[in-house]
Amino acid sequence: MASLPKTDVGETISDAWNYKGRPAVRSLTGGWTAAASILVVELNERLASLGIAVNLVTYMTGTMHLGNATAANTVTNFLGTSFMLCLLGGFIADTFLGRYLTISIFAAIQATGVTILTISTSVHGLRPPSCAPSSSSCIPANGMQLGVLYLALYMTALGTGGLKSSVSGLGSDQFDESDPSEKKGMLKFFNWFFFLISLGSLLAVTVLVYVQDHVGRRWGYGICATCILLGLFLFLSRTRSYRFKKLVGSPLTQISAVLFSAWRNRALPFPDQLYEEPSSKQSLPRTTQFRFLDRAAIKQEGERSKWRVNTVTDVEEVKMLARMLPIWATTIMFWTVYAQMTTLSVSQATTMDCHVAGSFQIPPGSLTVFFVASILLTVPVYDRAVVPLTRRLTGNPQGLSPLQRIGVGLVMSAMAMAAAALTEVKRLRAATGRGDGPVPMTVFWLVPQFLLVGSGEAFTYIGQLDFFLRECPSGMKTMSTGLFLSTLSLGFFLSSLLVSIVDAVTGKAGRGAWIADNLNQGRLYNFYWLLAALSLANFAVFLVAARWYTYRDRPESPAEDDKPSHHA
């Protein structure tokens, strides 16, 4: 018999396996050797998805000759679908494929989508004839041309959703939390993960947007496709070094079982004792909220199936998610405001003076660099200045609680829309008498709204992640991340819905419409005021939900408090 290979010799990790399905050897698997290639995948994902999204509205209006409302909805629907598909990707990874295969398959799908997008911008027959800006003779893209474009976008969205659901999880799997040195490595991994997300965003809104506008769309999208393929090749080449975890199953099964059992037992009287059994996971005490769910823990003689009886702990974990839903719902509005930074704010920029330092022009899509910069600036300022101050004022070691951070972000989003409305009023005054020509007003007037939304994201994004990861049941981390990402998705879809309603009510893109094809003939400021009012109303509801919410008590699991909570 042949001797065992060296990969089977050495200290192994109890809950991790190598690519052959054998216990993973600590010295030969995981750690930074494996994690680095996973970080590259996330960098390329952010580079591609944001590189497409931030400048897509100008392609839809300038090349495909669609109206501002249609172009804005195309972008928000693309982004919304990307984040919504994270739920599908997470379900597939947890239940069927595992994170490694999910990343491999969906990265290939994303690369295919971006490649089709590159082709659609290169082949003349896949674009309408070019024409002068604002010309009445422009021919909009036909059904076939839009069909190819939408196929490319939604294949890219599908790939993005699958990647986002699994990349951070597989990265954290490369570090063993039971080992102190590896646990520190995992903390650094999340720091680098956040850094590379920011780096990818910065490269997308500067380098890629510049290439798209000044060299050619096909080159910009071609770079994206090439980066994804190179990242996938690197990821697959490191297969031997990865640590793999067993499939844990989807928490949707537990939630469905509890709801079904509670409904099935709705007519049964409550017994003196609800069902509980010793298990490997921490038992949770029964709470008084959502008492109808307690019926899922009524056990009848001989019943053992989870679809007929659940433990009190199973029920309480579902209750935890139910208590989080009002907070979840009130964070959606922030991402509706966020969506305007990649759509209508970019449309505003196309009508303004983008010159800086003489003859150099800032591409309209690159204004989002101020958005990214404000995020990068806000995080260290918060850690170095805000946390020490609020720690002294509130006595909270974190400074602001997760819900307080979300609240700050929601207020900033309302302020951003008010600033955007005031800027649009000033822009329209400067455009008076100029017809369809450029407005003699520097594009830097738009910077305040980008800065406010960017700083607001630093508060809301981090606060949401902290809240969802800390407050969810320990066995539902994937579900909680999916809930967080679904708020982004629903925010983008809500933006599309509002734009469609406003466009239908105020006049379909014609003169007097709030969102006109020619912004100089529209009343975009009214739409921004509407978003500001909705944001304030949403904040009032959030205050009620936050006051009602009680943080879960976790004295039995201090280790969870040490986990990074502000990266995704």
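Since the model is a prediction, treat every value here as computed from it, not as a measurement.

About the cut-offs
- Residues numbered from 1 in each chain as written.
- Predicted model: local features only at pLDDT ≥ 70, side-chain atom pairs only at ≥ 80, totals over all residues.
- Heavy atoms only, no water.
- Helix = DSSP H or I, 4+ residues; strand = E, 2+ residues; numbered from the N terminus.
- Buried < 20%, exposed > 50% of the residue type's maximum accessible area, 1.4 Å probe, protein only.
- Polar contact = N/O pair within 3.5 Å; in protein donor to acceptor, adjacent residues only side chain to side chain.
- Contact = heavy atoms within 4.5 Å.
- Disulfide = S-S within 2.5 Å.
- Salt bridge = Lys/Arg side-chain N within 4 Å of Asp/Glu carboxyl O.
- Axes fitted to C-alpha atoms, helices over the stretch in contact; angles between N-to-C directions.
- Parallel < 35°, antiparallel > 145°, perpendicular 65-115°, else oblique.
- Left-handed = near helix turned anticlockwise from the far one by under 90°.
- Expected span 1.5 Å × (residues − 1).
- 1 Å grid on protein atoms, 1.4 Å probe; cavity = no way out; pocket = protein on both sides within 12 Å on 5 of 7 lines; lining within 4 Å.
- Points joined across faces, edges and corners; volume = space filled by probe spheres on them.
- Nonpolar A, V, L, I, M, F, W, Y, C, P; charged D, E, K, R; others polar.

**Looking at the side chain of serine 535**
Right, on to step 1. Looking at the element boundaries, serine 535 is found in helix α15 (residues 524–548).
Right, on to step 2. When its relative accessible area of 2% is taken as the criterion, serine 535 is described as buried.
Right, on to step 3. At 2.8 Å, the side chain of serine 535 forms a polar contact with the backbone oxygen of leucine 531.
Right, on to step 4. The residues touching serine 535, leaving out its near neighbours within four places in the chain, are Met333, Val337, Ser413 and Ala414.

**Some words on the state of the cysteines**
Here, the word disulfide means a covalent bond between the sulfur atoms of two cysteines.
Right, on to step 1. Under the counting rule described, the total for this entry stands at one disulfide.
Right, on to step 2. Put simply, cysteine 131 and cysteine 138 are joined by a disulfide, and their sulfur atoms are 1.8 Å apart. For the disulfide bridge between cysteine 131 and cysteine 138, the dihedral angle about the S-S bond is near 105 degrees, and by the sign convention the bridge is right-handed.
Right, on to step 3. Just so you know, cysteine 354 is unpaired, no disulfide at all, and the nearest cysteine sulfur is the one on cysteine 138, 19 Å from it.
Right, on to step 4. The class of cysteine 354 is buried, set by a relative accessible area of 7%.

**Notes on the pattern of salt bridges**
Right, on to step 1. Applying the stated criterion to the full structure yields 13 salt bridges.
Right, on to step 2. The closest approach of N and O atoms between arginine 26 and glutamate 182, which form a salt bridge, is 3.1 Å. A residue pair is termed long-range when its members are at least 10 positions apart, and arginine 26 in the loop between β2 (23–25) and α1 (31–53) and glutamate 182 in helix α5 (residues 180–214) qualify at 156 residues. Each member of the pair, arginine 26 together with glutamate 182, is buried.
Right, on to step 3. With a shortest N-O distance of 3.2 Å, lysine 319 and glutamate 316 are connected by a salt bridge. On the criterion of helical spacing, the pair formed by lysine 319 and glutamate 316 is a turn pair, its members being three residues apart in helix α8 (residues 312–330).

**Description of the packing of helix α9 (residues 332–339) against α15**
To describe two helices that pack against each other, one gives the angle between their axes and the distance between the axes.
Right, on to step 1. Put simply, α9 and α15 touch, their axes get as near as 9 Å, and they point 160 degrees apart. By the angle between their axes, α9 is roughly antiparallel relative to α15. The handedness of the crossing between α9 and α15 comes out as left-handed. Two secondary-structure elements touch here, α9 through Met333, Thr336 and Val337 and α15 through Leu531, Leu534, Ser535 and Asn538.

**Structural notes on helix α13 (residues 447–471)**
Right, on to step 1. Taking 1.5 Å as the rise per residue, α13 with 25 residues should run 36 Å; its terminal C-alpha atoms sit 35 Å apart, in good agreement.
Right, on to step 2. Among the 25 residues of α13, 22 are classified as buried, and the element is accordingly described as predominantly covered.

**Digging into the environment of glutamine 398**
Right, on to step 1. As for its placement among the helices and strands, glutamine 398 is situated in the loop between α11 (368–394) and α12 (402–431).
Right, on to step 2. Sequence spacing of glutamine 398 and serine 130 is 268 residues, and the spatial spacing of their C-alpha atoms is 55 Å.
Right, on to step 3. Discounting chain neighbours no more than four positions away, the residues touching glutamine 398 are Tyr382, Val387, Asp466 and Arg470.

**Topic: the side chain of glutamate 316**
Right, on to step 1. Take glutamate 316: its relative accessible area is 2%, and that puts it in the buried class.
Right, on to step 2. A polar contact is formed between the side chain of glutamate 316 and the side chain of threonine 287, at a distance of 2.7 Å.
Right, on to step 3. When sequence neighbours within four positions are dropped, the list of residues in contact with glutamate 316 reads Leu284, Pro285, Arg286, Thr287 and Asp294.

**Observations regarding empty space enclosed by the protein**
Right, on to step 1. Per the stated rule, a full pass over the model turns up three cavities of 30 Å³ or more.
Right, on to step 2. If you add up the space inside the largest cavity, you get close to 510 Å³.
Right, on to step 3. Surrounding the largest cavity, 35 residues form its lining, Arg46, Lys164, Ile197, Glu457 and Tyr461 being those nearest its centre.
Right, on to step 4. Broken down by element, the lining of the largest cavity gets its largest block of residues, six residues, from α5.
Right, on to step 5. Residue composition of the lining of the largest cavity, by class: 22 nonpolar, nine polar and four charged.
Right, on to step 6. One number sums up the size of the second largest cavity: a volume of about 40 Å³.
Right, on to step 7. For the second largest cavity, the full set of lining residues is Val41, Asn44, Glu45, Ala107, Gln110, Leu163, Ile228 and Leu232.
Right, on to step 8. Elements represented by at least two residues in the lining of the second largest cavity include exactly α1, α3 (68–122) and α6 (217–237).
Right, on to step 9. When residues in the lining of the second largest cavity are grouped by element, the largest group, three residues, is from α1.

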